[in-house]
Amino acid sequence: MNETSNLNIFSGADVTPKKVYAGDSVEITIKLILGKDFSADNSRIVFDMPANMGYSRPTCFNQEYDGFMEVLCSNPDIVYEKKIWNMEIEDFAGAKPASASGMAQRIFVLDFKGGSAAAAGDELLIKWGYTRDGFGVGTKIATIVPEKEFYSHIHVRYFRDGTRGLPDFGRSFIGYDRPVPDTVVRLEYKILPREPESLRLIRKPDKACLMVLDRFSNIAETDSINGYVTGNFNNSDIKKNEFGVYEIKNPDVKIAGRELPAGISAGMKNVFDGMNIYFGDMHTHTVFSIDCIEREKLESTPEKYYNYAKNSSCLDFLAVTDHHQPWDVERRRLSAETWKNINDAAAKYNRDGEFAAFPGFEFRCERGDTAVVLGENFTHEQIAARDIKNIKDLWEHFKGKNYITIPHFHNIGSLNEGEWYKCPYDNIEPMLEIYSCHGSYESDHVLERHIPLVKKFRSDRYGQYFLKNGYHYGFTCNSDGHKGNPGRNGLTAVYAKELTRDAILDAIRKRHVYGTTNARIRLLFTMNNSLMGSILPKDSPRNLVIKTDGEKPIKAVDIFKNGDLYKRFRPDSVSFDTELKIDEHEAASWYVRVTQIDNHIAYSSPIWFE
């Protein structure tokens, strides 16, 4: 028990079980022994539950729901009422969830209505996911293990005055101080990865990274790789890092899985004209984003994100883009202290030739959502100016600075049909995010990786629409990750000769970039020996070349002209190369999509003839 007060509110506090496996469904029991200073006379206990990916939200609405809350009290004369607090609607939850399906319903409240009979030694058992003799279904546990030693926390917050404790937004900000309880107890239990189920070898330009993964892509616990792979590796050239990833000095190492299925990427060094392919994630959210705080109770800081991205996901670059709306209420703005934290973490992890760490933020206005990735230092005063009310204001305010903006379509905005704000300055907004954790916004009829039906979609907010309407956007993917595991969803791949902030941004500005849904697919797409992203003369010849290698067999390679399918190949192999001579001369755009048998996809940036 970790109690912050000298009052004897609880003489004992515990949580069971002490260890759970990612993705399990269990009954979590909080045991509280009342102390001599506890009063049940109009007092309140606020239970701040974990809410990261996969967790059940606490509920009182149906005993058959996962996450149902039940209270077992040894003293029958204590009277209480069970409630669920929803941070987003700033009220207690009703029978029908409001605001994003009740994702901010993570706080369980016990309001005590009469307890003169309460005595020291009385026992409260709070059952989260009450199984009720096999009738209930337990609480679903997070599927993600973002740290080697990962503990999930329940905070028990006691208020002697039951009118206090709410509203609760999970933290303080300018204009609001989170209620301070008379005592708070932090309980924790460990979440462990599951047993190994697959292998993944990621080849980087300077080394290879071998991951032994559980079913949720967590790094499984292993002692060595010898029982899992065969090949020409030398154990003296292998180092196991802090996350359990095996780093191999030779990027061209040849291995094969013994019993587990293995995904093995192709080499990424000197793929085209002396350029390597580097993979990163340009759109992520940490503990400082409002939805991560209120919905997820995420505890992963920017520093943890950069570390995880580099050493667990084995990325080459990462941007932290926490939500920040300069024009909005303080609850939705980054504070000066938070901004310093983000920039300090980026400076710590940014190392030329090793890892590129970008600070940034995500901006919302009537156009929709835009990730803003910074290539130089911005002061808090620069990013927090109140007169930045829409993306056009931001472009003007940041004029002459080193940064890029990346629009994406999870939030469709409020502009009229067909209306779009285009950046008036070159090299500021060179690419669209057409895939993230929300699904694919490539087209209105995409099959694989389609957005869920609950997501919003409009006919002028997808990649092919912008191609058909004359925009010069490259295509990319990012995670939009809110879960503590950056680099486990959409990825940005860039062609660059070196791994630095400037080289990555230069490649993006040239649209020498493609996106994948996470697979390290190597994709080379050129026309007339010009790399994806190029704009070529309309009357030039059209020699199209595709060279691609997947981690798994490729079921389709599609060529699109002006956003429409031009030709399909069905390789049914891990590698595929082709060359086409196209005899036509009208203005057109071309891009390539590669789809693996497991529905992982790579989307090239287009090449334009104009």
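Check the entry above for the structure.
Residues numbered from 1 in each chain as written. Predicted model: local features only at pLDDT ≥ 70, side-chain atom pairs only at ≥ 80, totals over all residues. Heavy atoms only, no water.

Participant: Provide a residue-level description of the overall build of the protein chain, including the pertinent values.
Facilitator: From N to C terminus, the protein chain includes eight helices and 40 strands. By the compact-globule yardstick of 25 Å for 610 residues, the protein chain fits well, its C-alpha radius of gyration being 26 Å. Accessible surface, the protein chain as shown: approximately 24000 Å² in total, 46% of it carbon and sulfur. Between the averaged position of the 78 positive side-chain charges in the protein chain and that of its 86 negative side-chain charges there is a distance of 2 Å. (Helix = DSSP H or I, 4+ residues; strand = E, 2+ residues; numbered from the N terminus. Rg over C-alpha atoms; globule rule 2.2 N^0.38 Å. Areas by Shrake-Rupley, 256 points an atom, 1.4 Å probe, with all protein chains shown as cover. Lys, Arg positive; Asp, Glu negative; His and termini not counted. Charge placed at Lys NZ, Arg CZ, Asp CG, Glu CD.)

Participant: Break down the sheet that holds strand E7 (residues 69-73) for me, citing the residues and quoting the values.
Facilitator: What the four strands build is an open sheet, ordered E2-E5-E11-E7; its pairing is antiparallel. Sheet topology places strand E2 (10-16) and E7 at the edges, where each strand pairs with a single neighbour. Averaged over all neighbouring strand pairs, the angle between strand axes comes to 15 degrees, with direction disregarded. In the sheet, E2 pairs with strand E5 (residues 28-34) via six bridges, with the strands oriented antiparallel. The residue bridging phenylalanine 10 from the neighbouring strand is leucine 34, located in E5. (Pairing = 2+ DSSP bridges. Axes fitted to C-alpha atoms, helices over the stretch in contact; angles between N-to-C directions.)

Participant: Break down the sheet that holds strand E28 (residues 439-440) for me, with residues and values.
Facilitator: Within the open sheet, the three strands sit side by side as E28-E27-E29. Their pairing is mixed. Whereas interior strands pair on both sides, the edge strands pair on one side only; in this sheet they are E28 and strand E29 (474-477). In this sheet, E28 lies alongside strand E27 (residues 431-436) in antiparallel orientation, the contact comprising two bridges. When the bridges of E28 are listed, tyrosine 435 appears paired with serine 440.

Participant: Before we move on, could you go through the packing of aromatic side chains and cite the residues and values that matter?
Facilitator: The final tally for this structure, using the stated rule, is 34 aromatic pairs. For the pair phenylalanine 38 and tyrosine 158, a centre-to-centre distance of 5.2 Å together with 35 degrees between the ring planes defines the contact as tilted. You can see phenylalanine 38 sitting in the loop between E5 and strand E6 (44-48) and its partner tyrosine 158 sitting in strand E13 (residues 151-159), a full 120 residues away along the chain. Residue class for phenylalanine 38 comes out buried when judged on its relative accessible area of 9%. Considering the side-chain rings of phenylalanine 378 and phenylalanine 398, the 4.9 Å spacing of their centres and the 65 degrees angle between planes classify their relative orientation as edge-to-face. Linking phenylalanine 378 in the loop between strand E25 (368-374) and helix H5 (380-383) with phenylalanine 398 in the loop between helix H6 (391-397) and strand E26 (403-408), this pair joins segments that are 20 residues apart in sequence. Judged by its relative accessible area of 1%, phenylalanine 398 is buried. One aromatic cluster is present, formed by Phe409, Trp420, Tyr441, Phe457, Tyr462, Tyr465, Phe466, Tyr471 and Tyr473 through successive ring pairs. When the ring centre of phenylalanine 92 is taken as reference, the NZ or CZ atom of lysine 83 above it lies at 4.5 Å. Across the ring face of phenylalanine 378, the terminal group of lysine 401 is positioned such that the distance to the ring centre comes to 4.8 Å. (Phe/Tyr/Trp six-rings, centres within 6.5 Å; stacked < 30°, edge-to-face > 60°. Buried < 20%, exposed > 50% of the residue type's maximum accessible area, 1.4 Å probe, protein only. Lys NZ or Arg CZ within 6 Å of the ring centre and 35° of its normal.)

Participant: Lay out the nonpolar core in plain terms, naming residues and giving numbers.
Facilitator: Leu394 and Tyr495 are the most contacted members of the largest nonpolar core, which has 70 residues in total. Look past the residues within four positions of leucine 394 in its chain and what remains in contact with it is Phe361, Phe363, Val372, Ile388, Tyr403 and Thr405. Residues Val20, Ile30, Ile154 and Tyr189 belong to the second largest nonpolar core, which totals 39 residues. (Core = buried A, V, L, I, M, F, W, Y, C linked by side-chain atoms within 4.5 Å. Contact = heavy atoms within 4.5 Å.)

Participant: I'd like a description of the packing of helix H3 (residues 302-311) against helix H4 (residues 336-349), backed by residues and values.
Facilitator: The interhelical angle for the contact between H3 and H4, taken along N-to-C directions, is 30 degrees, at an axis separation of 8 Å. When the interaxial angle is binned, H3 and H4 end up roughly parallel. Relative to H4, H3 is oriented so that their crossing is right-handed. Two secondary-structure elements touch here, H3 through Pro302, Glu303, Tyr306 and Asn307 and H4 through Asn341, Ile342, Ala345, Ala346, Lys348 and Tyr349. (Parallel < 35°, antiparallel > 145°, perpendicular 65-115°, else oblique. Left-handed = near helix turned anticlockwise from the far one by under 90°.)

Participant: Give a description of unusual backbone geometry that names residues and reports values.
Facilitator: Cis geometry marks the peptide bond from threonine 16 to proline 17; its omega dihedral reads 0 degrees. Note that proline 17 resides in the loop between E2 and strand E3 (19-21). The backbone phi angle of asparagine 270 is positive, close to 50 degrees, even though this residue is not glycine. Assignment of secondary structure puts asparagine 270 in the loop between strand E21 (262-264) and strand E22 (276-281). In the Ramachandran plot, arginine 511 falls in the positive-phi region, its phi being about 65 degrees despite a non-glycine side chain. Mapped onto the elements, arginine 511 comes out in the loop between helix H8 (501-509) and strand E31 (513-516).

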